[in-house]
Each structure stands twice: as C-alpha cells, then as structure tokens.
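Fold and contact review
Chain by chain, the residues run as shown.
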Amino acid sequence: MIDNKYNLGFFPTPIQKLKNLSKNYPDYTIYIKRDDNTGLASGGNKTRKLEYLIKQALDEECDTIITAGAQQSNHCRQTAAACSIAGLKCHLLLGGGNPKKYDGNLLLSSILGATIHFTGKNRKGEDIQTLKNKLDKNGNKCFVISYGGSNIIGAMGFVNAMKELKEQLTEQNLTMDYIFFASSSGGTQAGMILGIELFKLKSKLIPINIDKDETNGISLEKVVLNLVKEGSMLLKMNKQFTIADISLNRDYDKDGYGILSENEKNTIKELARKEGILLDPVYTGRAFNGMLDYFKKNKIPTNSNVLFWHTGGLPAIFKYTNELK
Ligand SMILES: *Cc1c(COP(=O)(O)O)cnc(C)c1O
C-alpha cells in the first residue's frame, strides 16, 4: 500500500538542527524537517500526498485532475505541478473572484498550466461535482482530489513519511520527543498518527490548528479520526483508534484562516534572521509561533528534543508583501 506511488519529489527531506534558535530557548533542542524542500515547484507537504493520489489517477486511466482550495492554496499549486509531470490536465476551483493581479501560489498555478475556475465563497471544493459532470460529458476522464488531498490515499504520503523519519532518526542516532506541525485538512495528521503506530516511533504529535472554520460541518478531530480508522483497516493494524488518540491545539487559530498577526510576523522574522529559513504566512508561521509559545511557557518538559515539520508554503509570502516588509 505505501509502496504504490508515483515519484514527484526528492526524498528523504533533510533534518536540520536549529543551532542558533535553540540558544534562545535553552530548555529545548530544536530540529526542523524540511518538507519545504520536496522539490515540486517550490515544495511542500502536498507532494507526499500527491505521489499516491496521482498514482491512483494514472492506475484508473484518468486524464484530468480536479481539485480545489483557496487562491493561495499550496495544495493546488503542487497539484498543477504534479499534473505537468504526469501529463494530466489540471482544473483548479479556487475561492474568491478573478483578481486583477496574480501573485504567490495563484501565479504559479497559472504558470504551471492549470485551468482555473473562481468559485466565490466556496473555497473547499463545494463545486467540484458540477465541474466533473461537465468535463466528463465533454469526453474527459476526471479524477477528483479532495480538499487538501486529504483522503486516506493522500494520507499514505505521511504514513510513508513516518517510515522515512524513523530511518533518519535511527541512522543519525536521534530521538524526537515532540513533533509540531500545522494541521488543516487532516491528511498530514492522520498519516502521521498511523505511521507513528506502524513504525513504532516514540514521538508525541502536537498539531497546531490553522483554520478555525469546519469543513462540511465536521470538526477536524473527527475528520482525522475517520481517516485514521479507515487507514488502520487498509493497513491491517490491530489498534482501535478513538477520539482520545487525536490531539489538536486550537490556541493559535483565533485570527482566522490566512490572517497574519504580529505573532506570525515576528515568528517568521525570528526564524529567518536566526537560521535563514523561511516560514509561510498561513500555516508554518502560525504553527511555529505556537511551538515557540510552548517553549516560552514550558508547556512541554525541559530538555526535550523537538522536531518542527516544515510543511512548505513559501509562495504565499508574495501575497503578504506589505505586512512582511
Ligand atoms: C496544506 C498545508 C498544511 C496542512 O496540511 P493538511 O494535511 O491539510 O492538514 C500545512 N502547511 C502547509 C504549508 C500546507 O500547504
């Protein structure tokens, strides 16, 4: 199951120690996993999911991919790039209206050749079925990738990522007590939970919630649990997962999706100026800020080894030029 994929990126992504930043938070040793360097048209966590989703689309002999997201969707940009590699047509449904100026991910998706449909208030794929019917009627064979690539097939990318992590940690003689990351559509988190169990990692996940709005009226915890249950059956695991297995920190999502506060701004600049690493304004800036808050308040035991999973998102910086200068 986790071997059934189509190569789209460079793996394993590096693990790097944040030597300078760790000096500012001497109670902790901080590492970063560089999925911003997966290599797919400026990288990101969706590359891992797309390796499985594109494989399924090709196996089903589809010729067209449809997916959806916000205008600055990293998922949509990486999907457009994956389609270029695999020789598939790509249709993106993006929230909002057609803007005068294209920037960030929207610009990249356009350069990558995707056909873009603007869907107003609907930024989570509400209009996918209508478009699919129309394209299928015109002789295309469409494959739908769910919002954020977060179905169980996409989540396999992060089951496999945990195998990759385990191998790296063994090789480097390291252990990680905690893994912080940005959680939003749930596929990353579900894959990590399954992978940790499957490959017997000792790390505890601290997912930082990014988007306080629910998708289809279902809480993110429930979305993740459903994916984990489905995955545990597919992977023939013995463990019975319950809602108690799903953690999610909602302390940092109050400003709303895509809204950049002083917290994220300061965090983005702190990491950039200490380590030369760029976080993104929507996901990793918020999640990294949450992690630093844990350090400042000693919300996790001192002397822990902590891994921040950098999930990418760099192009969105170029949508926030005034706020970040
Ligand atoms: C999509 C995305 C996430 C969240 O991953 P999910 O699997 O949707 O929870 C985190 N960071 C970045 C940069 C993303 O693009």
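The structure presented is a predicted model; accordingly, all values stated were derived computationally and were not measured. (Residues numbered from 1 in each chain as written. Predicted model: local features only at pLDDT ≥ 70, side-chain atom pairs only at ≥ 80, totals over all residues. Heavy atoms only, no water.)

Looking now at the packing of helix α7 (residues 187–198) against helix α8 (residues 220–234). Following both chains from N to C, one finds α7 and α8 inclined at 45°, their axes separated by 9 Å at the closest point. The angle between α7 and α8 places the two elements in the oblique class. The hand of the α7/α8 crossing is right-handed. Note on element contacts: α8 touches α7 through V224, L227, V228, G231 and S232, opposite G187, Q189, A190, I193 and L194. Along the lines of polarity and charge, the residues of the contact of α7 with α8 split into six nonpolar, four polar and no charged. (Axes fitted to C-alpha atoms, helices over the stretch in contact; angles between N-to-C directions. Helix = DSSP H or I, 4+ residues; strand = E, 2+ residues; numbered from the N terminus. Parallel < 35°, antiparallel > 145°, perpendicular 65-115°, else oblique. Left-handed = near helix turned anticlockwise from the far one by under 90°. Contact = heavy atoms within 4.5 Å. Nonpolar A, V, L, I, M, F, W, Y, C, P; charged D, E, K, R; others polar.)

Looking now at the sheet that holds strand β7 (residues 178–183). With mixed pairing, the five strands of this open sheet are ordered in space as β1-β2-β9-β7-β8. Bordering the open sheet on either side are β1 (15–17) and β8 (204–209), each of which pairs with just one other strand. Across the sheet, the mean angle separating the axes of adjacent strands is 25° when strand polarity is ignored. Pairing of β7 with β8, which is carried by six bridges, proceeds in the parallel orientation. Looking across to β8, one finds that I179 is bridged to L205. (Pairing = 2+ DSSP bridges.)

It is worth spelling out the site of the ligand at this point. Among the 16 residues in the neighbourhood of the ligand, the closest are listed as K46, K49, S185, T188 and T311. In this structure, S184 approaches the ligand through a main-chain N or O atom, which is 2.7 Å from an oxygen atom. Side-chain polar atom of T188 to an oxygen atom of the ligand: 2.7 Å apart, as the coordinates give it. Considered on its own, the ligand offers 380 Å² of accessible surface; in the complex 98% of this is hidden by protein. Secondary structure elements with two or more residues in the shell around the ligand: α2 (46–59), β7 and α7. Considering only residue class, the shell around the ligand consists of two nonpolar, twelve polar and two charged. For the shell around the ligand, the domains that each give at least three residues are domain 1 (15–43 + 150–324) and domain 2 (46–149). (Near = heavy atom within 4 Å. Polar contact = N/O pair within 3.5 Å; in protein donor to acceptor, adjacent residues only side chain to side chain. Areas by Shrake-Rupley, 256 points an atom, 1.4 Å probe, with all protein chains shown as cover. Domains from an automatic or database assignment.)

In this structure the tally under the stated criterion is 16 salt bridges. R48 serves as the salt-bridge partner of E164, at 2.9 Å between the closest nitrogen and oxygen. Taken together, the residues span a long stretch of sequence, with E164 in helix α6 (residues 152–172) and R48 in helix α2 at a distance of 116 residues. Owing to a relative accessible area of 9%, E164 belongs among the buried residues under this scheme. On the basis of relative accessible area, R48 is assigned to the buried category, the value being 3%. In this structure, a network of salt bridges that share partners links the residues K33, D35, R48 and E164. (Salt bridge = Lys/Arg side-chain N within 4 Å of Asp/Glu carboxyl O. Buried < 20%, exposed > 50% of the residue type's maximum accessible area, 1.4 Å probe, protein only.)

Looking now at the packing of α6 against α7. In contact at an axis separation of 7 Å, α6 and α7 are set at 45° when each is read in the N-to-C sense. Taken as axis vectors, α6 and α7 run oblique relative to one another. In this structure, the crossing between α6 and α7 has a hand that is right-handed. Two secondary-structure elements touch here, α6 through I152, A155, F158, V159 and M162 and α7 through G187, T188, A190, G191, M192, L194, G195, I196 and L198. Of the residues belonging to the contact of α6 with α7, the class tally is ten nonpolar, four polar and no charged.

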